[in-house]
Amino acid sequence: MPELSFNIDHGYLEGLVRGFKCGVLKQADYLNLVQCETLEDLKLHLQSTDYGNFLANEPSPLTVSVIDDKMREKLVVEFQHLRNHCLEPLATFLDYITYSYMIDNIILLITGTLHQRPINELISKCHPLGSFEQMEAIHIASTPAELYNAVLVDTPLAPYFIDCISEQDLDEMNIEIIRNTLYKAYLEDFYNFCKNLGGATAEVMCEALAFEADRRAFIITINSFGTELSKEDREKLYPRCGNLYPDGLSKLSQAEDYDQVRQVAEYYASYRELFEGAGTNPGDKTLEDKFFEHEVKLMKQSFMHQFQFGVFYSYVKLKEQECRNIIWIGECVAQRHRAKIDSYIPIF
Amino acid sequence: MGSLFRSEEMTLCQLFLQTEASYACVSELGELGIFQFKDLNQNVNAFQKKFVNEVRRCEEMERKLRYIEKEIKKDELKIPDFGENPKAPAPKEMVDLEAQFEKNESELREVNTNAEALKRNFLELTELREVLKKTQTFFSVVNLPNIVGEAQHALVIEESGPAQAVQLGFIAGVIPREKVPPFERMLWFACRGNVFLRYEEIQQPLEDPHTGEAKHKAVFMIFFQGEQLKARVKKICEGFRAALYPCPESTQERQEMLRGVTTRLEDLKMVLNQTEDHRRRVLVGAQKEIRNWIIKVEKIKAIYHTLNMFSFDISHNSLIAEGWCPVQSLEEVRRVLKEGEKLSGSTIPSILHPLKTKEVPPTFFKTSRFTQGFQNIVDAYGVATYQEVNPMPYTIITFPFLFSVMFGDAGHGTLMFLFGLWMVIKEKSLLSQKSNNEIWNTFFGGRYIIMLMGLFSIYTGMIYNDAFSKSFNIFGSAWHSTYTDGDLQGDGETATLVLDPGPFYRNGTPYPFGIDPIWQSAKNKITFLNSFKMKMAVILGISQMVFGVCLSIFNHLHFKMIVCLFCEFLPELIFLLALFGYLIFMVYYKWLVFDVTESGCAPALLIQYINMFMFKYEDASEKTDCDVQATFYENQQTIQTIFVIMAVLSVPVLLLVKPFYLRSLHNAKTHPPKVEKDTSKSVNGKSKPVGEDVKVSYGHALINHGEDEEEFEFSEIFIEQAIHTIEFCLGCISHTASYLRLWALSLAHAQLSEVLWTMVLHIGLSMDMQYLGGLIIFVVWMFWANLTIAVLLVMEGLSAFLHTLRLHWVEFQSKFYSGNGYLFQPFGFKHILDIDSLQEIK
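Predicted model, so just to flag it, every value in this text is computed and none were measured. As a convention, each chain's residues are numbered from 1 in the sequence order in which they are written. Chains and ligands are labelled sequentially in the order written, the chains with letters from A and the ligands with numbers from 1. Where local features are concerned, this predicted model is filtered to residues with pLDDT of at least 70; where side-chain atom pairs are given and counted, the filter is 80 or more; whole-chain, interface and lining totals use all residues. Heavy atoms throughout the structure, all of them, feed into the side-chain values; hydrogens and water do not.

## Observations regarding the interface of chain B and chain A
At the junction of the two partners, chain B supplies 24 residues and chain A supplies 28 residues. A buried area of about 2,400 Å², summed over both sides, lies between chain B and chain A, and 49% of it is on carbon and sulfur atoms. Each salt bridge in this description consists of a side-chain nitrogen of Lys or Arg and a carboxyl oxygen of Asp or Glu lying within 4 Å of one another. There are 1 salt bridge connecting chain B and chain A. With a closest N to O distance of 2.5 Å, Arg56(B) and Asp41(A) form a salt bridge. Nitrogen and oxygen atoms within 3.5 Å of one another constitute a polar contact, given that in protein one can donate a hydrogen and the other can accept it, and given that sequence-neighbouring residues count only through two side-chain atoms. Linking chain B with chain A are 1 residue pair in polar contact (both at pLDDT 80 or more), by the criterion used here. Helix numbering and strand numbering both begin at the N terminus, where a helix is a DSSP run of H or I of at least 4 residues and a strand a DSSP run of E of at least 2. Every element with two or more residues in the side of chain B that touches chain A is listed here: helix H2 (52-74), helix H5 (180-191) and helix H6 (227-239) of chain B. Examining the composition of the side of chain B that touches chain A, we find that 6 residues originate from one element, H2(B), more than from any other. Gly is placed with the polar residues, together with every amino acid not listed as nonpolar (Ala, Val, Leu, Ile, Met, Phe, Trp, Tyr, Cys and Pro) or charged (Asp, Glu, Lys and Arg). Here the side of chain B that touches chain A is composed, by residue class, of 10 nonpolar, 3 polar and 11 charged. Whether two residues are in contact is decided by their heavy atoms: any pair within 4.5 Å suffices. When two parts are put together, the accessible area they lose, computed with a 1.4 Å probe and summed over both, is reported as buried area.

## Some details on the packing of helix H1 (residues 19-32) of chain B against helix H7 (residues 251-307) of chain B
Any two packed helices are characterised by how steeply their axes cross, that is the angle between the axes, and by the distance between the axes. Residues and elements named next belong to chain B. Axis definition: a line fit to C-alpha positions, over the contact stretch in the case of helices; interaxial angles, taken between N-to-C directions, run 0 to 180 degrees. Running from N to C, H1 and H7 cross one another at 110°; their axes reach a closest spacing of 10 Å. As far as their axial angle goes, H7 and H1 are roughly perpendicular. As H1 packs across H7, the resulting crossing turns out to be right-handed. Residues Ser22, Tyr23, Val26, Ser27 and Glu31 of H1 form the contact with H7, whose own contacting residues are Lys299, Ile300, Ile303, Tyr304, Thr306 and Leu307. The residue inventory of the contact of H1 with H7, partitioned by class, reads 6 nonpolar, 3 polar and 2 charged. Working rule for angles: under 35 degrees goes down as roughly parallel, over 145 as roughly antiparallel, 65 to 115 as roughly perpendicular, anything else as oblique. Whether a crossing is left-handed or right-handed is set by the direction in which the near helix is turned from the far one by less than a right angle, anticlockwise for left-handed and clockwise for right-handed.

## So, the nonpolar core
Throughout this description, the term nonpolar core refers to a set of buried Ala, Val, Leu, Ile, Met, Phe, Trp, Tyr and Cys residues connected via side-chain atoms within 4.5 Å. In this scheme, a residue with accessible area under 20% of its type's maximum is buried, one over 50% is exposed, and one in between is partly exposed, where area comes from a 1.4 Å probe on protein chains only. By size, the foremost hydrophobic cluster in this structure holds 145 residues, and its most contacted members are Phe93(A), Phe190(A), Phe312(A), Phe183(B) and Ile222(B). Broken down by element, the residue count for this core peaks at 14 residues, all from helix H5 (residues 90-114) of chain A. Excluding anything up to four places from it in sequence, Phe190(A) contacts Phe93(A), Tyr96(A), Ile97(A), Met205(A), Leu209(A) and Tyr313(A). Counting 70 residues, the second-largest nonpolar core is a separate cluster that includes Ala384(B), Leu551(B), Leu745(B) and Leu807(B).

## Focus: the environment of Val538(B)
As for its position among the elements, Val538(B) is in helix H17 (residues 525-558). Placed 45 residues apart in sequence, Val538(B) and Leu583(B) show a C-alpha to C-alpha distance of 8.9 Å.

## As for the UniProt feature "transmembrane region" (unreviewed entry) in chain B
Residue and element names in this part refer to chain B. Per the UniProt record, the feature "transmembrane region" (unreviewed entry) sits at residues 401-425, 446-464, 536-557, 569-589, 638-657 and 771-795. Annotation note: span residues 638-657, helix share 100%, strand share 0%, distance between end C-alpha atoms 28 Å. Helix makes up 100% of residues 771-795 and strand 0%, with an end-to-end C-alpha separation of 35 Å. UniProt positions are given in the numbering used here, feature names are shortened, and annotations may be inferred rather than shown by experiment.

## A closer look at the packing of aromatic side chains
Residues and elements named next belong to chain B. In this scheme Phe, Tyr and Trp rings, the latter by its six-membered ring, pair at centre separations within 6.5 Å, and the angle between planes marks the pair as stacked below 30 degrees, edge-to-face above 60, and tilted otherwise. Overall, the coordinates contain 69 aromatic pairs over all chains when judged by the stated rule. Centroid distance phenylalanine 585 to tyrosine 633: 6.3 Å. Interplanar angle 80°. Geometry classified as edge-to-face. One end of the pair, phenylalanine 585, is in helix H18 (residues 562-593); the other, tyrosine 633, is in the loop between helix H19 (605-614) and helix H20 (636-670), and 48 residues separate them in sequence. On the basis of relative accessibility, which here comes to 39%, the residue phenylalanine 585 falls in the partly exposed class. We classify tyrosine 633 as buried; its relative accessible area is 16%. Here the aromatic rings of phenylalanine 714 and phenylalanine 718 are separated by 6.0 Å at their centres, their planes lie at 35°, and the arrangement is tilted. You can see phenylalanine 714 and its partner phenylalanine 718 sitting in helix H23 (residues 714-738), 4 residues apart, about one turn around the helix. By relative accessible area, which is 26% here, phenylalanine 718 ends up partly exposed. Its end group placed over the ring of phenylalanine 714, arginine 663 keeps NZ or CZ at 4.7 Å from the ring centre. Should the NZ of a Lys or the CZ of an Arg lie within 6 Å of a ring centre and within 35 degrees of the ring normal, that charge is described as sitting over the ring.

## As for the domain arrangement of chain B
Where each domain starts and ends follows an automatic or database-derived domain assignment. Taken as a whole, chain B is organised into domain 1 (129-156 + 166-274) and domain 2 (370-475 + 499-618 + 631-663 + 714-812). For domain 1 of chain B versus domain 2 of chain B, the separation of C-alpha centres amounts to 82 Å.

## Remarks on the pattern of salt bridges
Residues and elements named next belong to chain B. Enumeration over the complete set of coordinates arrives at 38 salt bridges over all chains. Put simply, arginine 57 and glutamate 98 hold a salt bridge, and the shortest N to O gap is 2.9 Å. Note that arginine 57 is positioned in helix H2 and glutamate 98 in helix H3 (residues 91-141), a separation of 41 residues in sequence. The partly exposed category is assigned to arginine 57, whose relative accessible area is 29%. Its salt-bridge partner being glutamate 102, residue lysine 64 comes within 2.7 Å of it at the nearest N-O pair.

## Here's the deal with the pairing of strand S7 (residues 217-224) of chain B
All names here are of chain B. A large share of S7 lies buried, amounting to 8 of its 8 residues. The alternating pattern of S7 places Lys217, Val219, Met221 and Phe223 on one face and Ala218, Phe220, Ile222 and Phe224 on the opposite face, and all of these are buried. By this definition, two strands are paired if DSSP reports at least two bridges between them. As judged from the 8 bridges shared by strand S3 (residues 169-176) and S7, these two strands associate in the antiparallel manner. Its bridge partner lying in S7, isoleucine 175 is registered against alanine 218. Bridge count for strand S4 (residues 196-201) against S7 is 6 bridges, and the pairing is antiparallel. Within S7, the residue paired with leucine 197 across the bridge is isoleucine 222.

## Points about a nonpolar patch on the surface
Residue and element names in this part refer to chain B. Side chains of Leu415, Phe419, Trp422, Ile439, Phe443, Ile789, Val794 and Leu798 sit close together on the surface and give an oily, nonpolar patch of about 680 Å² of accessible area. Those elements that provide at least two residues to the nonpolar patch are helix H11 (410-425), helix H13 (438-445) and helix H25 (771-812). Tracing the backbone shows phenylalanine 443 in helix H13. For phenylalanine 443, a relative accessible area of 31% corresponds to the partly exposed category. Grouping into patches uses exposed residues only, defined as over 30% relative accessible area, and leaves out salt-bridged ones; the cut-off is 9 Å for like charges and 5 Å for nonpolar side chains (Val, Leu, Ile, Met, Phe, Trp, Tyr). Areas reported as accessible are Shrake-Rupley estimates using a 1.4 Å probe. Residue values count occlusion only from the protein chains shown.

## What to know about the confidence of the model for chain B
Residues and elements named next belong to chain B. pLDDT is a per-residue confidence score from the predictor, ranging from 0 to 100. Scored by pLDDT, chain B comes out at a mean of 82, with 87% of its residues at no less than 70. Low pLDDT (under 50) marks residues 156-165, which in the prediction has 5 contacts with non-local residues, meaning those over four places away or in another chain. Low pLDDT, under 50, characterises residues 838-842; the stretch is placed with 8 contacts to residues that sit more than four places away or in other chains. What the predictor reports for the complex is a pTM of 0.75 with an ipTM of 0.73.

## Some remarks on unusual backbone geometry
That bond from Glu88(A) to Pro89(A) is cis: its omega, -5°, falls within 30 degrees of zero. Secondary-structure assignment places Pro89(A) in the loop between helix H4 (64-85) and H5. Its identity as a non-glycine residue notwithstanding, Ser469(B) has a phi of 70°, on the positive side. Mapped onto the elements, Ser469(B) comes out in the loop between helix H14 (447-464) and helix H15 (485-488). At Phe615(B), a residue that is not glycine, the phi angle is positive and equals roughly 55°. Topologically, Phe615(B) is positioned in the loop between H19 and H20.

## Focus on H5(B)
In a helix, the anticipated span is given by 1.5 Å times the number of residues less one. Relative to the 16 Å expected for 12 residues at 1.5 Å per residue, H5(B) spans 16 Å between its end C-alpha atoms, a close match to the ideal helical length. For H5(B), the full list of buried residues reads Val180(B), Pro182(B), Phe183(B), Met186(B), Leu187(B), Ala190(B) and Cys191(B). One face of H5(B) carries all of its buried residues, which in axial projection span an arc of 160°. The secondary structure elements touched by the buried residues of H5(B) are helix H7 (144-151) of chain A together with S3, S4, S7 and H6 of chain B. In this description, one arc is meant: the one made by directions from the helix axis to the C-beta atoms.

## Some words on the packing of H11(B) against H14(B)
All names here are of chain B. At a closest axis distance of 7 Å, the pairing of H11 and H14 adopts a crossing angle of 155°. By the criterion of interaxial angle, the relationship of H11 to H14 is roughly antiparallel. For the pair H11 and H14, the sense of crossing is left-handed. Here Ala410, Gly413, Thr414, Met416, Phe417, Phe419, Gly420, Leu421, Met423 and Val424 of H11 come into contact with H14, specifically with Arg447, Tyr448, Ile450, Met451, Met453, Gly454, Leu455, Ser457, Ile458, Gly461 and Met462. The residue makeup of the contact of H11 with H14, split by class, is 14 nonpolar, 6 polar and 1 charged.

Right, here's the structure in full:
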């Protein structure tokens with residue numbers, strides 16, 4: 001019966017987020033954006049959408065990175081507004097959404113310090129949704145154990161990190177492994193949290209997270225070909241909350257080339273479609289884009305359900321996709337490279 | 001002043017403007033504010049329009065102005081409003097404006113960056129001074145070796161024993177106060193407890209040079225041992241963005257440094273003051289002009305936005321605009337266009353010529369301050385269809401009147417009237433305050449309505465003889481009671497007595513105006529008033545509905561739908577009058593014919609009326625002396641039967657005639673030979689009165705007027721007519737009943753105010769405590785007055801207002817008003833003056 005009292009606690013925010021969703025750019029907007037000649041044109045058109053005058057105070061000339069920053073800022077302001085007004089368990093749910101950004105930020109900072117970049121430059125590249133106060137001191141750590149003890153022990157990510165402490169030192173390979181281990185722990189935790197919430201939230205979110213988990217498993221496998229990652233280690237990185245678990249994952253762990261991955265996907269109707277449409281030839285969509293498309297579809301579906309938290313997750317994901325789209329178009333416009341300008345992923 | 005009764009006659013115009021003159025012309029039109037442009041480039045992307053570059057330049061100017069304005073506001077300078085309204089500058093001047101803004105902005109930015117750099121310098125020096133001062137106290141509490149020893153003790157003792165003398169290093173810096181706890185924790189975790197941290201807050205807040213915010217900070221000192229730890233501590237400091245400052249170890253050096261820093265700070269203060277003065281000068285210069293600048297830029301932008309709606313004719317190097325304009329103002333528009341040409345020095349005149357169109361023109365009423373409120377009431381239901389009868393002029397009277405029927409109390413009416421009067425008299429000064437309070441603005445917008453409602457309430461209050469639930473006895477009651485003193489002084493129960501008109505009423509002149517005050521003390525007051533008010537409500541309601549039906553005549557005549565006069569208006573009127581007009585007749589008949597001696601045996605109205613539909617009449621032979629079933633008058637049966645039959649017959653007329661007539665008309669139109677049609681088309685070249693095309697869209701009548709594009713769908717018309725018929729016939733019954741709310745609310749209001757009197761003020765008045773009573777009545781009066789205002793005036797007033805609104809929208813306007821139009825929104829600069837600023841944009 002949680003639906004009965006859902007609106008008492010979360011009705012306002014759900015309404016708000018559904019309202020925000022209506023501001024997501026439509027296909028017609030993209031058609032207009034694609035015709036832009038300069039970034040100024042892009043700005044002019046974005047002004048007529050829900051973005052409003054978010055670029056009004058930027059002096060010319062405009063750059064893509066300014067647009068990116070401003071769009072991100074807008075999303076963050078909206079998200080913070082939601083977060084500041086919410087009650088449990090929605091608060092925890094929204095926090096879970098930020099954890100993935102925190103993971104990305106940590107990895108970004110570690111990689112950056114590994115390459116001797118100044119910390120200030122790195123901080124400005126971090127996603128503001130995933131910032132936490134110990135973040136800036138991350139570069140003192142030189143081993144995973146140190147990272148855990150000095151920096152992460154106070155953050156919500158601490159429990160996820162326990163599995164990584166055993167790694168010896170921080171090099172490129174290990175950073176990737178840490179990232180994926182963190183992600184795996186995070187996804188599984190989030191999955192269980194949503195499952196415990198029950199009701200429509202569990203229904204929607206488990207599907208979304210299962211897809212996310214499977215996508216990671218596929219990508220990890222494909223990216224691991226030609227690296228020194230062993231099959232056993234690879235299997236440890238697969239998040240175990242997707243549709244692939246357990247059979248698909250064990251088969252994936254045995255895969256040695258792209259075709260074998262493809263064969264695994266054959267067993268799952270929804271993934272088969274994705275692999276069938278994907279290709280590397282010009283004109284074909286990449287597998288990554290296919291995954292994004294599928295994600296967008298899932299996210300749109302979640303708005304069909306009432307009384308659940310999935311809409312918040314979906315909104316953030318859709319908005320991110322929208323940012324990627326606009327940035328893509330913006331880059332194409334800025335670099336006068338219009339051949340591939342159409343390969344954005346329409347949302348509505 | 002345009003006609004109150006219909007919206008202005010509009011015409012679609014085409015404007016041919018020379019490219020060089022177009023800007024000036026549009027600017028002049030904007031000042032005039034009487035022309036509504038149509039967007040001819042709806043399908044063109046925003047960034048592909050012709051004047052997009054100019055719009056962009058305007059936006060750039062806006063951005064600069066916003067920056068300047070923000071800086072002005074930051075220094076808490078006010079932007080003066082002299083009420084001036086500069087014209088839009090010519091396009092050539094735009095460059096000057098741009099240059100001016102550019103200069104202003106860059107100057108400001110330069111000053112700001114300088115000031116920021118200086119401030120940063122100042123901040124650093126202040127922080128350094130604080131560090132030096134605080135470390136001084138750290139060290140002076142116990143002299144250096146001691147504190148180092150203490151730290152040493154804390155850090156080293158467990159590991160290597162006290163004997164080993166280790167040189168401890170330290171660094172000092174400043175960190176925001178709120179970051180201290182995580183900083184301390186992080187140091188602990190990262191250095192495994194091998195560092196020693198002391199910190200102390202800086203008392204006065206320090207100003208952040210970038211944002212100008214005051215921030216609380218703390219000075220800290222960290223003692224550590226060895227280079228590795230030092231590197232690590234420094235990294236953590238960097239991570240937490242703590243500012244580190246060099247701090248010499250010896251006391252003397254520190255004191256010397258402190259002296260140096262203090263003198264440098266003094267110097268810097270001087271320089272800072274000078275920069276501040278310079279900044280002030282720049283801002284004060286901009287402050288006087290900024291309002292004009294904003295208005296100018298907004299006007300330019302509005303003009304270019306409008307120009308973007310025009311289509312471009314390359315062959316004639318001219319812009320073509322289309323738009324709506326009241327026919328009356330055509331000359332004015334032409335004059336203004338000429339002025340624009342003169343200004344721009346163009347030799348070729350602009351051409352304005354009216355177009356013939358099938359599009360429905362927008363609805364435009366010229367209103368005054370007084371009529372605006374009432375027009376708003378009508379528009380809130382639906383904007384009048386072009387040129388249909390406007391209910392507004394009638395609403396001016398009927399609205400306050402029906403309100404006052406429900407709100408009939410002279411006392412409350414006076415209060416309301418005075419409130420309205422105050423708003424009307426103070427109109428100018430209140431208007432200039434530009435309040436943002438929504439509730440206040442609603443009341444203020446309806447100030448004339450409130451005033452009239454108050455006035456009418458005083459009138460009905462006098463009729464009801466009711467002021468704060470008390471009556472006036474001005475002329476002396478026309479009743480004469482036969483109660484003896486003994487009756488009156490009996491027990492409390494007989495304090496109010498039943499008034500029986502038989503023995504008490506002094507046959508002769510009734511009370512000259514309104515209700516006799518004696519009813520106030522009668523026990524049967526409610527019975528009497530109910531009967532009176534109920535009948536009055538029905539009479540008023542039916543009159544208003546008949547009036548509404550009659551108004552539809554003007555619509556039918558204006559739209560040249562003579563057929564509707566006979567097949568719509570007439571049956572409607574017959575239906576209404578035969579059934580409900582007759583009811584009014586009977587009410588009056590009963591009032592006039594039966595006097596007090598026979599009233600006990602008078603036939604009941606309700607039963608009579610029901611019997612009329614049942615065709616049930618008493619047999620004359622069974623007639624008794626006192627029979628409520630008896631008829632009022634002779635031949636009643638015949639007359640009533642005729643009326644019912646007339647009403648019933650008018651229904652099929654209303655339902656069937658119009659659709660079939662339209663169909664025959666349509667069939668006749670489609671059949672005639674082609675030749676005739678062609679000639680009629682060629683005649684159409686000259687412009688005809690616009691009204692003729694418009695009737696196409698009037699109401700639900702889809703009549704075709706010689707044009708073949710409109711589909712004639714018989715079933716649709718038939719269904720619409722059926723709906724209309726059912727709505728009207730059922731509506732007559734339910735609407736009549738609906739008018740009974742006049743009685744119900746009036747009763748409720750009177751009772752509430754009486755209750756308030758007897759339960760509150762009366763208690764205070766009847767207290768027998770000599771002088772103390774004065775105090776009590778003071779308190780009680782406050783309660784009574786507050787409740788009167790809050791409940792009786794505001795709440796009851798609002799509810800009566802709502803019911804009046806409904807009576808007008810549903811019961812009255814449904815008889816003739818279709819409200820399918822759209823508002824005329826001319827292009828004008830007026831609203832630009834109302835932009836109190838652009839500060840909404842971040």
